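# Survey of secondary and tertiary structure
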Amino acid sequence: MRVLLVGVGGVGTAVTRIAARRTFFEAMIVADFDPARAEAAVAHLDDPRFLAERVDAGDEAAVAALLRRHSCDVLVNATDPRFVMPLFRAARAAGATYVDMAMSLSRPHAEHPYRECGVKLGDEQFAEADAWAKDGALALVGMGVEPGLSDVFARYAADELFDEIEEIGVRDGANLTVDGYDFAPSFSIWTTIEECLNPPVVYEADRGWFTTEPFSEPEVFDFPEGIGPVECVNVEHEEVLLVPRWVDARRVTFKYGLGEEFISTLKTLHLLGLDRTEPVTVPGPDGPVRVSPRDVVAACLPDPATLGERMRGKTCAGTWVRGVKDGAPREVYLYHVVDNAWSMAEYGSQAVVWQTAVNPVVALELLAGGAWSGAGVLGPEAFPARPFLDLLTAYGSPWGLREQ
């Protein structure tokens, strides 16, 4: 297998460090708009299988040409969601398998944003599913940790733990702190703003997909391995759009443990219009310039990839499932916890980006070995869960199951 990795931020860098310990691939081309980032990631590894390149993720022709020049079988998208569609189309143009960790962007309903869906996450990609399937090509979408591992957990629960499922709820929480910062998100603030301020989507079998107010339906969820109780709220996320396509459940939700201070900061950004992506004109030393307010916010905050040495605590991603097994009610929480001290000591990557990055590498190994295969635009739920969970454990990062 020959892989083109596009995007060498925190997650992309962690992908290279995890993959370097595996033997399933022949080469990994590490590409970024900033060639220095790609070169630094490759230099850190001292592994001849890795090669640095420069590419603009928004330039479909350039990405397709890079795939062809290096005879790559797979494109892994480790950029932010703005670049999903150009990279998705470039992979198909070059005849490569496509893998991402976040799906094409949503757009709220013009008239009833907190009741009805507009353009949903992934709609643009699923609109091309028939064409991918007809070509015998595969796009594996949403293959990070959330979405990704959380979806694998949903499939595992359906296959092995339940006869009927009432509700699947992804629940994400952490007790991470960052020394020296009052506000320092551990993941891309661009993506965090997108998912937290858009109308959250809920799925119900008798109603389909619908939306609610941001930060709605607060609940306290008790997370394992010492993290403890965290208040979680509804947030827009891909699992709600993916799980019902392959797993039979009466209700699907996603709730994120954000905390009151984090929610207050996001609301303030929204109130001031600083969450907007449309450029505004501001004065500059050489005259007016056009800039996105959200990009300014991102530029003012520390790069999450650089926070590892200052971070303390653990992060937990997991899937809570309620239903019936052998005629009796059952409720479980399938989860994956990463301690920042461990991920920094073992890989030099902070916990949140490492936890995201390990899952596409596991998926690539399953695709390379034939344990996973398919055609079309498919989510993680479309594949058998057991091979993935077994291999994740073999990577030295076991998952857990708690009866509720």
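For the structure, see preceding data.
A brief look at the structure comes next. (Residues numbered from 1 in each chain as written. Predicted model: local features only at pLDDT ≥ 70, side-chain atom pairs only at ≥ 80, totals over all residues. Heavy atoms only, no water.)

## Overview of the packing of aromatic side chains
- This structure, assessed with the given rule, holds 19 aromatic pairs.
- Relative to Trp 399, the ring of Tyr 156 lies with its centre 5.4 Å away and its plane at 70 degrees, an arrangement referred to as edge-to-face. With Tyr 156 in helix α7 (residues 149-161) and Trp 399 in the loop between α14 (385-394) and β20 (400-403), this pair connects stretches of sequence that are 243 residues apart.
- Overall, the relative accessible area of 7% leaves Tyr 156 in the buried class.
- Summarising the aromatic geometry, the rings of Phe 254 and Tyr 256 are spaced 6.3 Å apart at their centres and angled 70 degrees between planes, so their arrangement reads as edge-to-face.
- Overall, Phe 254 belongs to the buried group, its relative accessible area being 2%.
- Taken together, the ring pairs connect Phe 221, Phe 223, Tyr 333 and Tyr 335 into an aromatic cluster. (Phe/Tyr/Trp six-rings, centres within 6.5 Å; stacked < 30°, edge-to-face > 60°. Helix = DSSP H or I, 4+ residues; strand = E, 2+ residues; numbered from the N terminus. Buried < 20%, exposed > 50% of the residue type's maximum accessible area, 1.4 Å probe, protein only.)

## Observations concerning the pattern of salt bridges
- Inspection of every chain in the model, using the stated rule, returns 28 salt bridges.
- The salt bridge partner of Glu 217 is Arg 251, with a shortest N-O separation of 3.1 Å. Here the residue Glu 217 occupies a position in the loop between β10 (208-211) and β11 (219-223), and Arg 251 occupies one in strand β13 (residues 251-256), the gap between them amounting to 34 residues.
- With relative accessibility at 17%, the residue Arg 251 sits in the buried group.
- Across the salt bridge formed by Asp 390 and Arg 386, the nearest N and O atoms sit 3.3 Å from each other. With Asp 390 and Arg 386 both in helix α14 and four residues apart, the pair spans about one turn of that helix.
- By relative accessible area, Arg 386 is classed as partly exposed at 32%.
- Taken together, the salt bridges that share partners define one network made up of Glu 167, Arg 171, Glu 204, Glu 217, Glu 219, Arg 251, Lys 255 and Arg 322. (Salt bridge = Lys/Arg side-chain N within 4 Å of Asp/Glu carboxyl O.)

## Looking at the pairing of strand β1 (residues 2-6)
- Of all five residues in β1, five are buried, a share of seventy percent or more.
- Side chains Arg 2, Leu 4 and Val 6 of β1 all project onto a buried face; the interleaved residues Val 3 and Leu 5 project onto the opposite face, where all are buried too.
- Bridge analysis of β1 against strand β2 (residues 27-32) gives five bridges, and the strand direction is parallel. Among the inter-strand pairings, Leu 4 is bridged to a residue of β2, identified as Ile 29.
- Regarding the hand of the β-α-β motif, the stretch spanning β1, helix α1 (residues 10-19) and β2 is right-handed.
- Note: β1 against strand β4 (residues 74-77), four bridges, orientation parallel. What sits directly across from Leu 4, in β4, is Leu 75. (Pairing = 2+ DSSP bridges. Right-handed = clockwise from strand over helix to strand, strands pointing away.)

## Description of the environment of Val 321
- For Val 321, the position within the fold is in strand β17 (residues 314-325).
- With relative accessibility at 0%, the residue Val 321 sits in the buried group.
- When the C-alpha positions of Val 321 and Arg 69 are compared, they lie 45 Å apart, and in sequence the two are 252 residues distant.
- Once you skip the residues sitting within four places of it in the chain, Val 321 turns out to touch Ala 157, Phe 162, Ile 165, Glu 167, Ile 168, Arg 330, Glu 331, Val 332 and Leu 334. (Contact = heavy atoms within 4.5 Å.)

## Quick look at unusual backbone geometry
- Residue Glu 146 is joined to Pro 147 through a cis peptide bond whose omega torsion reads 0 degrees.
- Note on placement: Pro 147 falls in the loop between β6 (138-140) and α7.
- Although it is not a glycine, Asp 46 adopts a positive phi angle of roughly 50 degrees.
- Exposure remark for Asp 46: the relative accessible area of 74% places this residue in the exposed category.
- The residue Glu 225 is not glycine, and still its phi comes out positive at about 55 degrees.
- In this fold, Glu 225 is placed in the loop between β11 and β12 (228-234).
- Since its relative accessible area comes to 43%, Glu 225 is described here as partly exposed.

Limitation: the analysis is restricted to geometry and does not speak to function.
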